[in-house]
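Structure assessment
Below are the chains, spelled out letter by letter.
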Amino acid sequence: QVQLVESGGGLVQAGGSLRLSCAASEGTFTNYAMGWFRQAPGKEREFVAAISWSGGDTYYADSVKGRFTISRDNTKSTVYLQMKSLRPEDTAVYYCAADKLARRPSYYPLPGRMGDFGSWGQGTQVTVSS
């Protein structure tokens, strides 16, 4: 399946902004639904946001809604996560993932559905300092 490469993580002060990118290094993810997840130290991976294959539909976790924006450019096989008003509790490793079956974004936050993503990026560290 498609191989994903993430970039854009780093250290930012609380209240700042950061944009993450996820690109296909092999193949493309045109027609794939895409998602962002994050995992803080000692905690389970959690859903952050998802976007439909066309980019026309999105869904966000309550913890990031209004602050984060997921988008995609299928001509570049790239998905973005624009993060604003960052908080220390946003500190985590952020992962992008691709689902060939391209379900609706609202499908993915439900328990057990993380496994429906067949391809994952390597993760990029986001650290928000206070």
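In what follows, the structure referred to is the one given above.
Here is a short report on the structure shown in this document. Worth saying up front: this structure is predicted, and the values here are computed from it rather than measured.

Moving on to the overall build of the protein chain. A tally of helices and strands in the protein chain yields zero helices and eleven strands. Its helices and strands taken in sequence order, the protein chain reads β-β-β-β-β-β-β-β-β-β-β from the N to the C terminus. Taken against the 2.2 N^0.38 rule, which gives 14 Å for 130 residues, the C-alpha radius of gyration of the protein chain at 13 Å falls within 12% of a compact globule. Across its three principal directions, the C-alpha atoms of the protein chain cover 40 × 30 × 25 Å. Put simply, the protein chain has 130 residues, and 42% of those count as buried. Residue pairs in contact within the protein chain that sit at least 24 positions apart in sequence constitute 60% of those at least 6 positions apart. Surface summary for the protein chain: the accessible area is close to 6500 Å², and the carbon and sulfur share equals 46%.

For side chains of opposite charge, pairing can occur when their charged atoms come near one another. Here the structure, examined in full by the defined rule, presents five salt bridges. Glu46 is the salt-bridge partner of Arg38, the closest N and O atoms lying 2.7 Å from each other. By relative accessible area, Glu46 is classed as partly exposed at 36%. Salt bridges sharing common partners tie together Arg38, Glu46, Arg67 and Asp90.

This part covers the state of the cysteines. Here, disulfide denotes a covalent bond that connects the sulfur atoms of two cysteines. Following the criterion strictly, the structure yields one disulfide and no others. Each disulfide pairs two cysteine sulfurs, and for Cys22 the partner residue is Cys96, the sulfurs being separated by 1.9 Å. The sign of the 55 degrees torsion about the S-S bond sets the Cys22-Cys96 disulfide as right-handed. Pair noted here: Cys22 is in strand S3 (residues 18–26) and Cys96 is in strand S9 (residues 92–99), with a separation of 74 residues, a long-range link. With respect to class, Cys22 is no different from Cys96; both count as buried.

It is worth spelling out the sheet that holds strand S8 (residues 78–83) at this point. Here four strands make up an open sheet; going across it, the order is S1-S3-S8-S7 and the pairing antiparallel. The sheet is open, and its two edges are formed by strand S1 (3–7) and strand S7 (68–73), each paired on a single side. In this sheet, neighbouring strand axes are inclined to one another by 20 degrees on average, regardless of whether the strands run parallel or antiparallel. With five bridges connecting them, S1 and S3 associate as antiparallel partners. Bridge pairing in S3 links Glu6 to Cys22.

Okay, the side chain of Arg38 next. Counting through the fold element by element, Arg38 comes out in strand S4 (residues 33–39). When its relative accessible area of 6% is taken as the criterion, Arg38 is described as buried. Among the polar contacts listed, one links the side chain of Arg38 to the side chain of Ser63, at a separation of 3.5 Å. Among the polar contacts listed, one links the side chain of Arg38 to the side chain of Asp90, at a separation of 2.9 Å. Setting aside its immediate chain neighbours within four residues, Arg38 contacts Glu44, Arg45, Glu46, Val48, Ser63, Val64, Phe68, Glu89, Asp90, Ala92, Val93 and Tyr94.

Basis of the calculations
- Residues numbered from 1 in each chain as written.
- Predicted model: local features only at pLDDT ≥ 70, side-chain atom pairs only at ≥ 80, totals over all residues.
- Heavy atoms only, no water.
- Helix = DSSP H or I, 4+ residues; strand = E, 2+ residues; numbered from the N terminus.
- Rg over C-alpha atoms; globule rule 2.2 N^0.38 Å.
- Buried < 20%, exposed > 50% of the residue type's maximum accessible area, 1.4 Å probe, protein only.
- Contact = heavy atoms within 4.5 Å.
- Areas by Shrake-Rupley, 256 points an atom, 1.4 Å probe, with all protein chains shown as cover.
- Salt bridge = Lys/Arg side-chain N within 4 Å of Asp/Glu carboxyl O.
- Disulfide = S-S within 2.5 Å.
- Pairing = 2+ DSSP bridges.
- Axes fitted to C-alpha atoms, helices over the stretch in contact; angles between N-to-C directions.
- Polar contact = N/O pair within 3.5 Å; in protein donor to acceptor, adjacent residues only side chain to side chain.

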